[in-house]
Amino acid sequence: MATDQKVGGSNPLGRSIFNNHNSLNSELVVVFLLKGKVWGMESFDLYDIHRHRTGLTIERGTKVPEGYYRLVVHVCVFGSDGRMLIQKRQPFKSGWSGMWDITAGGSAVAGDTSQEAASRELLEEVGIDYSLKGIRPAMTIYFDGGFNDIYTVNMDVDIDSLNLQPSEVEQVKWATEEEILEMLKEKEFVLYKTSFISLLFFLRNHNGTFTHKDPTKKK
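Presented here is a report on the structure given in the accompanying data block.

About the criteria used
- Residues numbered from 1 in each chain as written.
- Predicted model: local features only at pLDDT ≥ 70, side-chain atom pairs only at ≥ 80, totals over all residues.
- Heavy atoms only, no water.
- Helix = DSSP H or I, 4+ residues; strand = E, 2+ residues; numbered from the N terminus.
- Buried < 20%, exposed > 50% of the residue type's maximum accessible area, 1.4 Å probe, protein only.
- Areas by Shrake-Rupley, 256 points an atom, 1.4 Å probe, with all protein chains shown as cover.
- Axes fitted to C-alpha atoms, helices over the stretch in contact; angles between N-to-C directions.
- Parallel < 35°, antiparallel > 145°, perpendicular 65-115°, else oblique.
- Left-handed = near helix turned anticlockwise from the far one by under 90°.
- Contact = heavy atoms within 4.5 Å.
- Nonpolar A, V, L, I, M, F, W, Y, C, P; charged D, E, K, R; others polar.
- Core = buried A, V, L, I, M, F, W, Y, C linked by side-chain atoms within 4.5 Å.

## Some remarks on the overall build of the protein chain
Regarding its fold elements, the protein chain presents three helices and 12 strands. Scored against the burial criterion, the 219 residues of the protein chain give a buried share of 38%. Within the structure as shown, the protein chain displays about 13,300 Å² of accessible surface, and the carbon and sulfur contribution to it stands at 53%.

Structure follows, in structure tokens:
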């Protein structure tokens, strides 16, 4: 029988990282470059204000230069019963450690389209293999230094079968809007605005922000 919660491993080993790779004998270093990832390091494309790639990149941890922007993506998976699949961040992960969050998300690495990045994060973090090719984000939020594309996906998932990323995700479970708002109140969930959570639940089955067609418009 499927459960409403899946607990992953607590092994902090994930991507291998050279903290001091410059000190290694260069003759012994083999560098693997996979779509913006140099073994343990990631680089991000820089965009202009019109969201055009500039051809420039920065490494993770580097401040985005003024006048440039990077791309971040999030995916919210909703079951047919209207609940959202949420993840609990590992307690050893930097930033919002041990707190619950929406299904998956992260930075687009160099070379990624928004859809490729969203599909990759969904697969890497919670083990859901789903292509977002040709799908537009439900909304885009602009923040200092970047664009955040947010996708909503309606699909039923057997969470017992999910392969969670041990370096990122401790466990996943299904939650209603009311349950997430209560978790926000108790500071158990990443501290988004409550209106943002409600908007996500609204957008799961609406295209745009109108609730009804324009009653003043003639057919």
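## Some words on the packing of helix α2 (residues 177–185) against helix α3 (residues 194–203)
At a minimum axis distance of 10 Å, the contact between α2 and α3 shows a crossing angle of 165 degrees. Classified by the interaxial angle, the pair formed by α2 and α3 is roughly antiparallel. Relative to α3, α2 is oriented so that their crossing is right-handed. Seen from α2, the contacting residues are Glu 177, Ile 180, Leu 181 and Leu 184; seen from α3, they are Thr 194, Ile 197, Ser 198 and Phe 201. Of the residues belonging to the contact of α2 with α3, the class tally is five nonpolar, two polar and one charged.

## Concerning the nonpolar core
Ranked by internal contacts, the top residues of the largest apolar core, which has 24 residues, are Val 75, Val 77, Leu 85, Leu 122, Ile 128, Leu 162 and Val 172. Those elements that place two or more of their residues in this core are β6 (70–78), α1 (114–126), β11 (146–154) and β12 (169–175). Within the second largest apolar cluster, 20 residues are counted, among which are Phe 78, Ile 150, Phe 189 and Val 190.

## Digging into unusual backbone geometry
In this structure, Trp 96 takes a positive phi of about 55 degrees despite not being glycine. Relative to the elements of secondary structure, Trp 96 occurs in the loop between β7 (84–89) and β8 (100–101). One non-glycine residue, Lys 187, lies in positive phi territory at about 60 degrees. Among the structural elements, Lys 187 can be located in the loop between α2 and α3.

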